[in-house]
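# Secondary and tertiary structure notes
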Amino acid sequence: MKKSFYQFLAAINKLILPKYSKRDFTRLRKVEKAIVAYRYWVTIHAIE
């Protein structure tokens, strides 16, 4: 149940949230860093 929920969140995030993989992480604003951290957190839980 939990894993499928996080996989669903990851799919929605992939469609809606911007991607920052090609950008320099040190130059991101705090809001952008929070988005990166959120995407990482969801991805880790979707894999488990």
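Quick summary incoming for the structure in this document. Note that the structure is predicted; figures quoted are calculated from it, not measured.

## Some remarks on the environment of Lys2
Relative to the helices and strands, Lys2 resides in helix α1 (residues 2–16). When the C-alpha atoms of Lys2 and Glu48 are compared, they prove to be 9.6 Å apart, with 46 residues separating the residues in sequence.

## A short note on the pattern of salt bridges
Here the structure, examined in full by the defined rule, presents three salt bridges. Glu32 is the salt-bridge partner of Arg23, the closest N and O atoms lying 3.5 Å from each other. Residue classification places Glu32 among the buried residues on the basis of a relative accessible area of 8%.

## As for the environment of Glu32
Inspection of the secondary structure puts Glu32 in helix α2 (residues 30–47). Linking Glu32 and Leu9, residues 23 residues apart in sequence, is a C-alpha distance of 18 Å. Excluding residues within four positions of it along the chain, Glu32 makes contact with Tyr20 and Arg23. A distance of 2.9 Å separates a polar side-chain atom of Glu32 from the backbone nitrogen of Arg29.

About the thresholds
Residues numbered from 1 in each chain as written. Predicted model: local features only at pLDDT ≥ 70, side-chain atom pairs only at ≥ 80, totals over all residues. Heavy atoms only, no water. Helix = DSSP H or I, 4+ residues; strand = E, 2+ residues; numbered from the N terminus. Salt bridge = Lys/Arg side-chain N within 4 Å of Asp/Glu carboxyl O. Buried < 20%, exposed > 50% of the residue type's maximum accessible area, 1.4 Å probe, protein only. Contact = heavy atoms within 4.5 Å. Polar contact = N/O pair within 3.5 Å; in protein donor to acceptor, adjacent residues only side chain to side chain.

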